[in-house]
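Chain by chain, the residues:
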Amino acid sequence: AAFAAGTQVRVNPDCDLAIVLAGTTGAATAAARAFASAAVPCAIVVETSVEVPVREQPAGVEVVAAADDAVLLDKLAAWMAGACHADVALGTNFPFARRAIAERCASERSTKNAVIGLLPFGSSADLPVMAANEALMAIDIAGVYGQGAGAARFAEVACVVGAAFASREAARRLSRSLPGLGAAVKAVVAYGATLAMGRALVLRFEMPNAWKHRN
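Residues numbered from 1 in each chain as written. Predicted model: local features only at pLDDT ≥ 70, side-chain atom pairs only at ≥ 80, totals over all residues. Heavy atoms only, no water.

Turning to the overall build of the protein chain, a few remarks are in order. Along its length, the protein chain carries 7 helices and 3 strands. The order of α-helices and β-strands along the protein chain, N terminus first, is β-α-β-β-α-α-α-α-α-α. Looking at the protein chain as a whole, 39% of its 215 residues are labelled buried. Long-range contacts, defined here as pairs at least 24 residues apart, represent 55% of the contacts in the protein chain between residues at least 6 apart. Split by element, the accessible area of the protein chain, about 11900 Å² in all, is 61% carbon and sulfur. (Helix = DSSP H or I, 4+ residues; strand = E, 2+ residues; numbered from the N terminus. Buried < 20%, exposed > 50% of the residue type's maximum accessible area, 1.4 Å probe, protein only. Contact = heavy atoms within 4.5 Å. Areas by Shrake-Rupley, 256 points an atom, 1.4 Å probe, with all protein chains shown as cover.)

Have a look at this one:
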């Protein structure tokens with residue numbers, strides 16, 4: 001919708017996010033402030049930083065500046081991935097944001113596994129929790145790319161769980177060679193292994209699209 005200066009903006013608080021295109025009416029900041037006051041993440045899109053309507057934006061408002069379409073989409077994708085947590089729905093409706101959303105999902109799952117590695121679980125008691133977290137990551141990333149349940153999902157989850165066992169064994173061996181640092185070693189290995197698996201899954205879904213675009 002187009003807003004004239006002074007127009008009262010009505011906001012649906014159930015919105016996941018809002019994108020405001022800065023025009024010449026000067027209404028962008030007021031519109032963005034209305035969304036922010038309703039706790040709806042909002043981005044103001046401008047071509048250059050010179051066009052930012054107000055230098056200090058209210059909390060919850062991000063300025064996205066780009067003159068090139070491809071750069072703009074990349075910046076918007078990164079902002080959307082961080083601002084909105086409806087991963088699967090966001091990826092389904094906005095394909096250009098899928099990679100950023102999937103990478104954020106992998107990063108968050110990796111951090112969770114690192115925290116699990118630091119907790120005082122008994123020997124191997126943390127493995128089922130980490131493996132389950134990684135399996136959910138695989139399912140989430142597939143969902144972001146619009147891939148439903150099927151035989152391919154079972155194969156991906158099986159590979160992820162197998163890799164979880166392998167990384168746990170690597171962490172165990174490193175812990176023996178670094179006495180007193182067992183929890184730290186588990187956390188570092190858990191984070192790195194989960195992030196590597198997440199990025200491998202992203203590439204698994206990105207590569208077919210890249211091949212199509214090349215041909």
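And the narrative resumes.
Here the focus is a nonpolar patch on the surface. The grouping of L73, F94 and F96 at the surface amounts to a nonpolar patch, some 240 Å² of accessible area in total. Relative to the assigned elements, L73 resides in helix α2 (residues 69–83). Taking the relative accessible area as the measure of exposure, L73 reaches 37% and is therefore partly exposed. (Patch = residues over 30% accessible without salt bridge, like charges linked within 9 Å, V, L, I, M, F, W, Y side chains within 5 Å. Salt bridge = Lys/Arg side-chain N within 4 Å of Asp/Glu carboxyl O.)

The subject of this paragraph is the pairing of strand β2 (residues 42–46). Along a regular strand, successive side chains alternate from one face of the sheet to the other. In terms of burial, β2 is largely enclosed, as 5 of its 5 residues are buried. Across the two faces of β2 the burial is the same, with C42, I44 and V46 and A43 and V45 all buried. Pairing geometry for β2 and strand β3 (residues 61–65), over 5 bridges, is parallel. In the sheet register, V46 faces β3, and the bridge partner there is A65. (Pairing = 2+ DSSP bridges.)

The next subject is the pattern of salt bridges. Across all of its chains, the model carries 7 salt bridges by this definition. A salt bridge links K186 to D126; the nearest nitrogen and oxygen atoms lie 3.2 Å apart. Remark: D126 occurs in helix α5 (residues 126–144) and K186 occurs in helix α7 (residues 182–214); sequence separation between them is 60 residues. Owing to a relative accessible area of 13%, K186 belongs among the buried residues under this scheme. Among the ionic pairs, R153 bridges to E156, the shortest N-O distance being 2.8 Å. A residue pair is termed a helical-turn pair when its members lie 3 or 4 positions apart in one helix, as R153 and E156 do in helix α6 (residues 151–177) at 3 residues. Among the charged side chains, a salt-bridge network with shared partners connects D126, R168 and K186.

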